[in-house]
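# Remarks on the overall topology
Take a look at the letters that make up each chain.
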Amino acid sequence: MLPRTSPPPRVPTATSDEQRATEEACHTAVDKWLDEHGALARDSLSLSRASHVAFLNSGLRELPSGYCSLDASRPWICYWIIHSLEMLREPRADELEEDVVRFLASCQDPSGGFCGGPFPGQSPHLAPTYAAVNTLVTIGTESAYRAIDRESLRRFLLRMKTAEGGFTMHEDGEADVRGSYTALAVASLCNLWTDELVEGAAEFVASCQTYEGGIGATPGEEAHGGYTFCGLAAMVLLNRVELLRVPHMMDWLVRRQMAVHGGFQGRTNKLVDSCYSFWQGGAFPLIQSVLEARGELPETGVRSLFSTTGLFDYILTCSQSPQGGLRDKPGRGRDYYHTCYALSGYAVCAAEPPSPGSEGVPAHWPAAVDFVNPVYNVSAAKAAKALEYFCPS
Amino acid sequence: MKLADVFSDLEPLEQNEGPQPVVQIAATPQFVEVMGYFRRVLVNQEFSQRALQLSAQAIALNAANYTAWQFRRRCLTELHAASSEEQRLAAWRDELEFCDEQCRNNMKNYQVWFHRRACVEQVGEPQKELQFIEEILAEDAKNYHAWGHRQWALRTYSLWADELSFVERLIKEDLRNNSAWNQRYYVLQHTTDIKSPEVVKAEIAFASKWIEIEPNNDSSWAYLKGIVRPVGYSAYPEVQQMCERLAAGALDEAAGPTQEGDASKICLNALSLLVDILQAQNTPKGTARAEALCKQLQRLDPIRINYWIWRAQQPRAMG
Ligand SMILES: [Zn+2]
């Protein structure tokens, strides 16, 4: 069992006060669970699948007006929901899937790329482009694949390329490591990979690795879980991981797992947040396969370098909302983004090989979800199917 | 004046959701009206004063509408293509003011901060930026966008002079503010030779001072490692000495198991840096001692038990 509190600070500051309050909120959540179930027998703890599915399904057609801040991110909502349902092996009606395909096709800009909502009215943007392509790949039907206009998409990706080897998120927009990852992930899945597209891309990502070992948004910015995943996954796609200081990155990554509640924080001395279950957790299978290829993760030793038990515990006890859906941390409301990324982190844990140092977890935990391909964060089977479709050998 | 009157010559462009919409957000009548006209001026490429005002309304309804922000920049550029320098400057000053308010309301929004850059580039008074960001950081000391914007202003306009003292003040306010530690590194990276013995020595002293004040702080330890690791620990024995001293609690108990209560007093950061230092020595003695420390860490730092097993097995991994 993990310790219940961090050691008392010698010098309390705003950061340690917030940390303490979060630890208390987590204890309350765990205690509430204990009251209901008697003892922390992991066996009786599980994903509240039915209530998560109900929450996910309730958002697919209509959303309340409070969601208007996501009016320029509607392909993301599709991705968060469809990918979550896919991980939970919840089938969707064919008609609904066709409606999603039609909607995403309507978000496509004639000059290439997907917008945050139907065209016309918004500009094409790399983030909704990534979300739309991942959703279509997850749906995985012929009509879903054909909804992607690959020729104009290729031109859009090239237009977003900067002189520094980065990618701007949209025309006259910001360039950062998210841009590199989303552009390269889409190019890889849809077979739009060219030398011109990737020239200088690896050097740009490498220049964003900080003195801490993680990756920041642009050169010099603070190491951050989201950008670290994006940068690492981009380097895996580019097959240029050797430009990163890999063990140094591992040293940063393992320290982002919280000693007390087992979840991940996004940056040093920040609070735990379930979405980093994927952004940090998802980096492990990527980096572990690099170490394995280098002979630094032998078959006979540890295979998984973080605590899957700790992360499972956090997701199950602290991030499940009693109403269904998952949340950042106790005390916060559920939302589709955190539902998607907490479940994605859960799916990463489920696929990790057992390690001598980990306490055993009940067999039904990993069995509750389908595996994801951690590079793209789509179902492993669907990613393979799409690659076969777009890149026939 | 009502929107319908301002745009009486235009037909709003409705959003086509198709017969069976998905992820449709229930929109208020105001949202529908503003966005209807906004889509129309966008499609018409109407770069006018009224369109500029309309885009502000679109942003008020959804500050993450990147298209509306992009449209504003285009609009201002086109509107003032033939203006006097004075008029153009005045317009961008107004825009910066609009940005001030939007930044305060939407501190965690990519668009507003990117737009701010464009305004500063036009207005050209970067000194004021540092003051503004300071106000934002007073509310959220770790705001990622504000720090990114600050780095941009510093490097674009070479405003380095007072930055180290600003950063030190923030570290004094909260020694766990990792963004401030990162900023210190950033400043030195741009203003000094960060691998030179003078800088390394001074920064070891700086980090050590804060470690002595609060040994249990990942930020100061990460900074110390970030400074010394690239140049090698062997040239700076004071780092190992400090680790040995701060890890002493754990080293004493090597003879027998610690009581549960004692574990919390042990400085895990000191122990783990000792592992790095000893493994880097690449000697049988150093490696053996590092292995013993990794064993202790497996027990004292149970969340990272797999990592510490791996570190013991792969003494060269951190190279
Ligand atoms: Zn989050």
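Residues numbered from 1 in each chain as written. Chains lettered and ligands numbered in written order. Predicted model: local features only at pLDDT ≥ 70, side-chain atom pairs only at ≥ 80, totals over all residues. Heavy atoms only, no water.

In the nomenclature of an unreviewed UniProt entry, chain B corresponds to Protein farnesyltransferase/geranylgeranyltransferase type-1 subunit alpha from the organism Prymnesium parvum. In its Sequence similarities (unreviewed entry) section, the UniProt entry covering chain B states "Belongs to the protein prenyltransferase subunit alpha family." Regarding chain B, the relevant UniProt record gives this comment under Cofactor (unreviewed entry): "Mg(2+)". (UniProt positions renumbered as here; feature names shortened; annotations may be inferred.)

Taking an unreviewed UniProt entry as the reference, chain A is identified by name as Protein farnesyltransferase subunit beta belonging to Prymnesium parvum. According to its UniProt record, chain A has this under Catalytic activity (unreviewed entry): "L-cysteinyl-[protein] + (2E,6E)-farnesyl diphosphate = S-(2E,6E)-farnesyl-L-cysteinyl-[protein] + diphosphate". Its UniProt record, at the heading Sequence similarities (unreviewed entry), says of chain A: "Belongs to the protein prenyltransferase subunit beta family."

### Thoughts on the side chain of A:Gln122
Residues and elements named next belong to chain A. As for its position among the elements, glutamine 122 is in the loop between helix H4 (94-106) and helix H5 (126-139). Residue classification places glutamine 122 among the buried positions, given a relative accessible area of 8%. At 3.3 Å, the side chain of glutamine 122 and the backbone nitrogen of glycine 116 are in polar contact. (Helix = DSSP H or I, 4+ residues; strand = E, 2+ residues; numbered from the N terminus. Buried < 20%, exposed > 50% of the residue type's maximum accessible area, 1.4 Å probe, protein only. Polar contact = N/O pair within 3.5 Å; in protein donor to acceptor, adjacent residues only side chain to side chain.)

### Let's talk about the coordination of the zinc ion
All names here are of chain A. At this site the zinc ion is bound by Asp273 (OD), Asp273 (OD), Cys275 (SG) and His338 (NE2), with donor distances of 2.1 to 2.5 Å. Note that the zinc ion binds 4 donor atoms; their angles at the metal cover 56 to 121°, and the shape is irregular. Here the donor residues for the zinc ion map to a single chain with the spacing D-x1-C-x62-H. With aspartate 273 in the loop between helix H12 (246-255) and helix H13 (276-279) and histidine 338 in helix H16 (residues 336-351), this residue pair connects regions lying 65 residues apart in the sequence. Exposure class is identical for aspartate 273 and histidine 338. Each is buried. (Donors = N, O, S within 2.8 Å, 3.2 Å for Na, K, Ca; no water. Tetrahedral: all angles 85-135°; square planar, octahedral: opposite > 155°, others 65-115°.)

### Side note on unusual backbone geometry
Here A:Phe119 and A:Pro120 are connected by a cis peptide whose omega angle stands at 0°. Relative to the helices and strands, A:Pro120 is located in the loop between H4 and H5. A positive phi angle, near 60°, is found at A:Arg89, a position not held by glycine. By the element assignment, A:Arg89 lies in the loop between helix H3 (74-87) and H4. For A:Arg89, a relative accessible area of 44% corresponds to the partly exposed category. Phi angles above zero are rare outside glycine, and B:Asn282 is one such case at about 55°. Its place among the elements puts B:Asn282 in the loop between helix H16 (268-281) and helix H17 (284-300). Given a relative accessible area of 49%, B:Asn282 falls into the partly exposed group.

### What to know about the packing of aromatic side chains
Residue and element names in this part refer to chain B. Tallied over the entire structure, the rule returns 39 aromatic pairs over all chains. On the basis of an interplanar angle of 45° and a centroid distance of 5.9 Å, the ring pair of tryptophan 69 and phenylalanine 98 is categorised as tilted. Remark: phenylalanine 98 occurs in helix H5 (residues 85-105) and tryptophan 69 occurs in helix H4 (residues 66-79); sequence separation between them is 29 residues. The burial state of tryptophan 69 is the same as that of phenylalanine 98; both residues are buried. Lying across the ring of phenylalanine 98, arginine 72 places its NZ or CZ 4.2 Å from the centre. (Phe/Tyr/Trp six-rings, centres within 6.5 Å; stacked < 30°, edge-to-face > 60°. Lys NZ or Arg CZ within 6 Å of the ring centre and 35° of its normal.)

### Here's the deal with helix H15 (residues 308-318) of chain A
Think of an α-helix as turning once every 3.6 residues; residues three or four places apart then point the same way. Residues and elements named next belong to chain A. Counting buried positions along H15 gives 11 out of 11 residues, so the element sits mostly inside the fold. Among all positions of H15, only Thr308, Thr309, Gly310, Leu311, Phe312, Asp313, Tyr314, Ile315, Leu316, Thr317 and Cys318 are buried. Next to the buried residues of H15 lie helix H1 (14-37), H13, H16 and helix H17 (364-367). (Contact = heavy atoms within 4.5 Å.)

### Observations concerning the environment of B:Ala146
Residues and elements named next belong to chain B. Its location among the elements puts alanine 146 in helix H8 (residues 144-157). Along the sequence, alanine 146 and alanine 81 sit 65 residues apart, while their C-alpha atoms lie 30 Å from each other. Alanine 146 has contacts with Trp113, Ile133, Ile136 and Leu137, leaving out every residue within four places of it along the chain.

### Overview of the interface of chain A and chain B
Across the contact, 88 residues belong to chain A and 70 residues belong to chain B. Summed over both partners, the interface of chain A with chain B buries about 6,700 Å², with 53% contributed by carbon and sulfur atoms. Here A:Arg256 and B:Asp218 are joined by a salt bridge, their closest N and O atoms 3.9 Å apart. There are 50 residue pairs in polar contact (both at pLDDT 80 or more) connecting chain A and chain B. The set of elements that each furnish at least two residues to the side of chain A that touches chain B consists of H1, strand S1 (62-63), H3, H4 and H12 of chain A. The residue makeup of the side of chain A that touches chain B, split by class, is 37 nonpolar, 29 polar and 22 charged. When S1(A) meets strand S1 (residues 24-25) of chain B, the two strands line up parallel, connected through 2 bridges. (Buried area = accessible area lost by both parts, 1.4 Å probe. Salt bridge = Lys/Arg side-chain N within 4 Å of Asp/Glu carboxyl O. Nonpolar A, V, L, I, M, F, W, Y, C, P; charged D, E, K, R; others polar. Pairing = 2+ DSSP bridges.)

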